[in-house]
Amino acid sequence: MAFSSILGQDKTIKRLRSLVETGRVPPAMIFHGPPGVGKFPAALEFAAALNCTRVAFTEAAPAAAEEPADGLFFAEPEPAPAPAPAAAARPPESPAPAPAGDSCGLCRSCLQAKSGAHPDIRVVDTLFQAALLDEDESANLKVDTVRELTRWAQQKPMLSDWKIFVIRDAEALVPQAQNALLKTLEAPPPNTVIVLTTSKKNSLLATILSRSFPVEFAPLPRAVVAELLSARGTDPAEARKLAALSRGSMEKAAEAGGLMLRLAKLRPGDPARAFKFAAGLPRDSHLAREEVKTLLELALGRIRAAWRAADGPAKNKFTALLRRTLELRRMADRNVSYYQLLEVTLLESERAGLRLEDLLDTAAAEANG
Ligand SMILES: [Zn+2]
């Protein structure tokens, strides 16, 4: 566990490390970028690095040595007028090695961060909310949850220099919750950092965006997606194929994997296979919609390739199909039935001679080429 575990985001990680190193940390930050590119793990690494004491934790050591009260690596949340001699103030015996601006993984703070039990690092998401409010997990983050967060933000840190709240998938905050959060952002308590992670930045109020320091995460290089998939046990050849379909997102790679799996179950030549395929979409409507969008984009890639290769009357046929599919792709962002969208896309593609079974394979081949 350290920033080195975040792959494919070198520029962004360099920026985060420099914030940790200087201790000039904005009270509110937005980690934004496509889904599945490492925003949330990076937020956890950032929190760990901020609170790292760089003093290796040993059970036998006296309490004072475990937790030096001051003179840590980080000075103040606000830039100090004269730079504090941070390095000199660190205990000279401090043995924990860590690259500048990163966590050591050995101090008490790092060990607690690693186990997910750090009292000053809190992840706020729908799962956490369900436990907090003692109710079933819901899709939205409610105002009651933000009120709790606000209450904690007013308290002193328990163990470390910084209290860090990571609001995961912050687009889930309902407008009322965003307004409640805004009050905290307007008058941030000292030594508190609120990190919002989101792949839908525009779902957040303009007033929240303008008060939060933006940290952008880019799509992952294809080789990184393949590497991450292989590390998670995907067969290397399959990992390369999914990486080609992923558009730099681990989430999209997983969706493509799901689509392929469902395609493999269909019998070739079954006239109802488009219908059966649509019926196999995830129950969760958000996931289903995202998968349909992925499939539509894959279909677009396939149709574009067919359009480029065609001439004469066939070219006109693919021009019409391309236009129609682009229109369907635009509709997918609106509130229309994704189920119907999918069926129409598949049926129209098949009518033009593009079989459902071809969509993914050729898209992968094209992406590779
Ligand atoms: Zn540490």
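All values derive from a computational prediction rather than experimental measurement.

1. A few points about the coordination of the zinc ion
- Those protein atoms acting as donors to the zinc ion are C52 (SG), C104 (SG), C107 (SG) and C110 (SG), and they sit at 2.3 Å.
- Coordination at the zinc ion is tetrahedral, judged from the four donor atoms that bind it and the angles of 98 to 119 degrees they form at the metal.
- When the donors of the zinc ion are listed by position in the chain, the intervening gaps give C-x51-C-x2-C-x2-C. Per residue, the accessibility class of C104 equals that of C107, and both read buried.

2. Points about the confidence of the model for the protein
- Summary statistics for the protein give a mean pLDDT of 83 and a share of 85% for residues scoring 70 or more.
- Scored below 50 in pLDDT, residues 61-93 shows 40 contacts in the model against residues more than four places distant or in partner chains.

3. Some points on the packing of aromatic side chains
- All chains considered together, the criterion is met by three aromatic pairs.
- For the ring pair F128 and W152, a centre distance of 5.8 Å and an interplane angle of 65 degrees mean the geometry is edge-to-face. Of this pair, F128 sits in helix α6 (residues 126-133) while W152 sits in helix α7 (residues 143-154), and the two are 24 residues apart along the sequence.
- What makes W152 buried here is its relative accessible area of 9%.
- In textbook terms, an aromatic cluster arises when at least three aromatic residues are bridged by ring pairs, as seen for F31, F46 and F217.

4. Remarks on the sheet that holds strand β3 (residues 163-167)
- Sheet architecture is open: five strands sit in the order β2-β3-β4-β1-β5, paired in parallel fashion. Each edge of the sheet is formed by a strand with only one pairing partner; in this case those strands are β2 (121-124) and β5 (213-216). With strand direction ignored, the average angle separating the axes of adjacent strands in the sheet is 20 degrees.
- Contacts from helix α1 (residues 10-22) reach β1 (28-32) and β5, with the element oriented near 145 degrees to β5.
- Contacting β1, β2, β3 and β4 (192-198), helix α2 (residues 39-51) runs over the sheet at an angle of about 165 degrees to β4.

5. Things to note about helix α15 (residues 313-332)
- Over its 20 residues, α15 extends 29 Å from the first C-alpha to the last, a length consistent with the 28 Å expected when each residue adds 1.5 Å.
- Restricting attention to buried positions, one finds in α15 the residues F318, L321, L322, T325, L328, R329 and A332. End-on, the buried residues of α15 take up no more than an arc of 130 degrees, which puts them together on one face. Across from the buried face of α15, at angles greater than 90 degrees, the exposed residues are P313, N316, R323 and R330.

Procedures and definitions
- For every chain, the first residue of the written sequence is number 1, and numbering continues from 1 onward in sequence order.
- Only residues with pLDDT of 70 or above have their local features reported here, since the model is predicted, and side-chain atom pairs are shown and tallied only from 80 upward, although totals for entire chains, interfaces and linings are computed over all residues.
- The side-chain numbers reported here are obtained from all heavy atoms of the structure, hydrogens and water having been left aside.
- Coordinating donors are taken as N, O and S atoms within 2.8 Å of the metal, stretched to 3.2 Å for Na, K and Ca; because water is absent from the atoms, sites can appear incomplete.
- Geometry is assigned from donor-metal-donor angles: four donors are tetrahedral when every angle falls between 85 and 135 degrees, four are square planar and six octahedral when opposite donors sit over 155 degrees apart with all other angles between 65 and 115, and any other arrangement is irregular.
- To sort residues, take the accessible area from a 1.4 Å probe on protein chains only and compare it with the maximum for the residue type: under 20% means buried, over 50% means exposed, and anything in between is partly exposed.
- Values of pLDDT, which run from 0 to 100, indicate the predictor's confidence residue by residue.
- Here, residues are in contact when the closest pair of their heavy atoms is within 4.5 Å.
- Two rings belonging to Phe, Tyr or Trp (six-membered ring only in the last case) form a pair when the distance between their centres is within 6.5 Å. Interplanar angles under 30 degrees mark stacking, angles over 60 mark edge-to-face geometry, and anything in between is tilted.
- Numbering of helices and strands runs from the N terminus; a helix is a DSSP stretch of H or I covering at least four residues, while a strand is a stretch of E covering at least two.
- Pairing between strands is defined by DSSP: at least two bridges between them are needed.
- An axis is simply a line fitted to the C-alpha atoms; with a helix, the fit covers only the stretch in contact. Between two such axes, the angle follows the N-to-C directions and lies from 0 to 180 degrees.
- An expected span of 1.5 Å times one less than the residue number is assigned to each helix.
- Think of it as the arc spanned by the lines of direction from the helix axis to the C-beta atoms.

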